[in-house]
Amino acid sequence: MKALSKRTANFTDSVIRRMTRISQKYGAVNLSQGFPDFSPPRELLDRLAEASSLPHQYSITWGAQNFREALAEKQSRYMGFAIDPNLEIVVTCGSTEAMMCAMLTVCNPGDKVAVFSPFYENYGADAILSGAEPVYVPLRPPVFDFDPGELESAFRQGAKALILCNPSNPTGKVFKREELELIARLAIQYDAYVITDEVYEHIVYAPYVHTYIAALPGMRERTISCSSLSKTYSITGWRLGYIIASPEIIDTARKVHDFLTVGAAAPLQEAASVGLKFPQGYYDALLETYTAKRDLFLDGLRRIGLPFTEPQAAYYVLLDISEFGYESDLDFCEDLAEKVGVGAVPGSSFFREPVNHLIRLHFAKAETTLTEALNRLQGIRNVFAR
Ligand code: GLN
């Protein structure tokens, strides 16, 4: 048989999703793949039930009209500029498709794309599938700031776009306004695009504030803002994401999206559009919920005495496992799932650099789940005694 495509030869399966399967295998509390174990808002579920008696056929390929109108209204409010629902939005199957679609819209095979490292693992596969060559710019632990000279060097090497995950997965970093202004200045100077992943835009802990880079002067026309409803409304399985960009970019992105997927699920768009109309109180309550989860989980980790990064946003913690002396963080995570009963993601799946001493845990879980995970982690030093 002939070999399968060269483009797929260079990547493995997703380690994040593999860790979910490993957690299931050992009955571990799964704090690896980041998704909630609690229900979406009642209003969405009620509308979903009603939607079962509505038409079950395709919506408009770039998104149902009422969904785009509600999304434009909401995002205009938060992003700080007017978004045209008819010209500036493509609704996608999750931000996963949004990012892939953005890459295919912008990149020719061989184009360079700047990516901050550590990075959410999909960007590596997005680059391979679109034929782009990543140029990595390190975010240095523990504060995960970047060297402006290294970013400029990526642009000088010809990076046509920068992938910007803000707030950042897995670091929990919120890019400061001054950092974004610097990125914007370089993007404009080198005539590059910025492709964002802003799925944690509403999970940003005080006193940190999320700034949309698209809202900075000169950035609107060169930013492809990708995000999703997954995290904001606890509906990761509905696969609803979107791209917001200029009409010129959207015109091309629509075609890419159409041939990739035709469209996101129509009944789910109908149900989720209810959430897009929620008042500010909903987002305040969401943040309050996550702040309480963060406090519960981090306090527990502090009591156990394991060093970790303090997230400014999102729901991930990078735990330092140096003391256990493992060569491979992948082996450590497998042992952690089997012997301690907690699922985590090895940090090496996010870093370009050879980093093996960090693992990622997430706390988007019910209090009882988090407490159970902490109880199990309490015994970690007995299990991994050196
Ligand atoms: N974004 C989540 C994570 O980083 C879920 C990833 C996924 O499997 N789509 O864990």
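Note that this is a predicted model, so its numbers are computed, not measured.

Rules used throughout
Residues numbered from 1 in each chain as written. Predicted model: local features only at pLDDT ≥ 70, side-chain atom pairs only at ≥ 80, totals over all residues. Heavy atoms only, no water. 1 Å grid on protein atoms, 1.4 Å probe; cavity = no way out; pocket = protein on both sides within 12 Å on 5 of 7 lines; lining within 4 Å. Points joined across faces, edges and corners; volume = space filled by probe spheres on them. Helix = DSSP H or I, 4+ residues; strand = E, 2+ residues; numbered from the N terminus. Nonpolar A, V, L, I, M, F, W, Y, C, P; charged D, E, K, R; others polar. Buried < 20%, exposed > 50% of the residue type's maximum accessible area, 1.4 Å probe, protein only. Salt bridge = Lys/Arg side-chain N within 4 Å of Asp/Glu carboxyl O. Core = buried A, V, L, I, M, F, W, Y, C linked by side-chain atoms within 4.5 Å. Contact = heavy atoms within 4.5 Å. Near = heavy atom within 4 Å. Polar contact = N/O pair within 3.5 Å; in protein donor to acceptor, adjacent residues only side chain to side chain. Areas by Shrake-Rupley, 256 points an atom, 1.4 Å probe, with all protein chains shown as cover. Sits in = over half its atoms within 2 Å of the grid points. Expected span 1.5 Å × (residues − 1). Arc of directions from axis to C-beta. Pairing = 2+ DSSP bridges. Axes fitted to C-alpha atoms, helices over the stretch in contact; angles between N-to-C directions. Left-handed = near helix turned anticlockwise from the far one by under 90°.

> Would you explain empty space enclosed by the protein in this entry?
One way to see where empty space is left: roll a probe the size of a water molecule over the atoms. Counted by the stated rule, this structure contains 1 cavity of 30 Å³ or more. The computed volume of the largest cavity comes to approximately 70 Å³. Around the largest cavity, the lining residues are Val115, Phe116, Pro118, Phe119, Tyr123, Leu139, Ile163, Cys165, Ser168, Asn169 and Phe175. Sorting the residues of the lining of the largest cavity by element identifies strand S3 (112-117) and strand S5 (161-165) as the ones contributing at least two each. The residue inventory of the lining of the largest cavity, partitioned by class, reads 9 nonpolar, 2 polar and no charged.

> What should I look at first to understand the environment of Gly158 in this one?
Along the polypeptide, Gly158 turns up in the loop between helix H6 (148-156) and S5. Gly158 gets classed as partly exposed once you look at its relative accessible area, which sits at 44%. Separated by 117 residues in the primary sequence, Gly158 and Gly275 place their C-alpha atoms 41 Å from one another.

> Explanation requested: the pattern of salt bridges in the structure shown.
Think of it this way: side chains of opposite charge can pair up when their charged atoms draw near. Summed over all chains, the structure comprises 20 salt bridges. Close ionic contact of Arg294 with Asp295 constitutes a salt bridge, the shortest N to O distance being 3.2 Å. Linking Arg376 and Glu372 is a salt bridge whose minimum nitrogen-to-oxygen distance equals 2.7 Å. Taken as a pair, Arg376 and Glu372 lie in helix H12 (residues 367-377) at a separation of 4 residues, close to a single helical turn. Arg376 gets classed as partly exposed once you look at its relative accessible area, which sits at 28%. Residue class for Glu372 comes out partly exposed when judged on its relative accessible area of 33%.

> How should the nonpolar core be read in this particular structure?
Counting residues in hydrophobic clusters, the biggest one holds 70 residues, and the most contacted among them are Leu336 and Ile380. Setting aside its immediate chain neighbours within four residues, Leu336 contacts Gly341, Val342, Ala344, Ile359, Leu377, Ile380 and Phe384. Residues Cys101, Tyr120, Val137 and Cys165 belong to the second largest nonpolar core, which totals 58 residues.

> Which parts of the structure should I look at to understand the site of the ligand?
Neighbouring residues of the ligand: Ile16, Arg17, Gln33, Gly34, Tyr120, Asn169, Tyr200, Lys231, Tyr316 and Arg360. Gly34 places a main-chain nitrogen or oxygen 2.7 Å from an oxygen atom of the ligand. Considered on its own, the ligand offers 290 Å² of accessible surface; in the complex 88% of this is hidden by protein. Comparing atom positions with the cavity grids shows the ligand to sit within the second largest pocket. Looking at the shell around the ligand residue by residue, the class counts come to 4 nonpolar, 3 polar and 3 charged.

> Just to check I follow, could you spell out helix H7 (residues 177-189) for this structure?
In an α-helix, one full turn covers 3.6 residues, which means residues spaced three or four apart are oriented alike. If you check H7, its first and last C-alpha atoms are 18 Å apart, about what 13 residues at 1.5 Å a residue would give, namely 18 Å. Within H7 the residues assigned to the buried category are Glu179, Leu180, Ile183, Ala184, Leu186 and Ala187. The buried residues of H7 all sit within an arc of 165 degrees when viewed along its axis, so they share a single face. Close packing links the buried residues of H7 with S3, H6, S5 and strand S6 (193-197). Two residues or fewer after H7 comes Asp191, characterised by a positive phi angle close to 50 degrees.

> Help me understand the sheet that holds strand S4 (residues 133-138) in this model?
Remark on secondary structure: sheet strands pair via backbone hydrogen bonds, oriented parallel or antiparallel. Strand order in the open sheet formed by 7 strands is S2-S8-S7-S6-S5-S3-S4, with mixed pairing between adjacent strands. Taken across any chain shown, the strands that pair with only one partner, and hence form the sheet edges, are strand S2 (89-92) and S4. If you compare each strand with its neighbour and ignore which way they point, the axes differ by 20 degrees on average. As paired elements, S2 and strand S8 (residues 241-244) share 4 bridges and run antiparallel to each other. Within S8, the residue paired with Ile89 across the bridge is Ile244.

> Looking at this structure, I do not really get H12. What am I missing?
Taken as a whole, H12 has its buried residues at Thr369, Leu370, Ala373, Leu374 and Leu377. End-on, the buried residues of H12 take up no more than an arc of 135 degrees, which puts them together on one face. Opposite the buried face of H12, at more than 90 degrees from it, the exposed residues are Glu367 and Thr368. Tucked into the core, H12 has its buried residues touching strand S1 (29-30), helix H10 (280-304), helix H11 (329-340), strand S10 (342-343), strand S12 (358-362) and helix H13 (380-383).

> Help me understand the packing of helix H4 (residues 94-106) against helix H5 (residues 122-130), please; the structure alone is not making it clear to me.
When two helices pack together, their arrangement is given by the angle between their axes and by how far apart the axes lie. In the contact formed by H4 and H5, the axes pass within 9 Å of each other and the chain directions differ by 35 degrees. As for the relative orientation of H4 and H5, their crossing is right-handed in sense. Contacts between H4 and H5 pair Thr96, Met99, Met100, Met103 and Leu104 from the former with Asn122, Tyr123, Asp126, Ala127, Leu129 and Ser130 from the latter.

> I'm lost on the sheet that holds strand S11 (residues 345-346) in this one. Help?
Strand order in the open sheet made by the 3 strands is S9-S12-S11, with antiparallel pairing throughout. Each having just a single partner strand, strand S9 (316-320) and S11 make up the two edges of the open sheet. The pairing of S11 with S12 spans 2 bridges and is antiparallel. Bridge pairing in S12 places Pro346 opposite Ile359.

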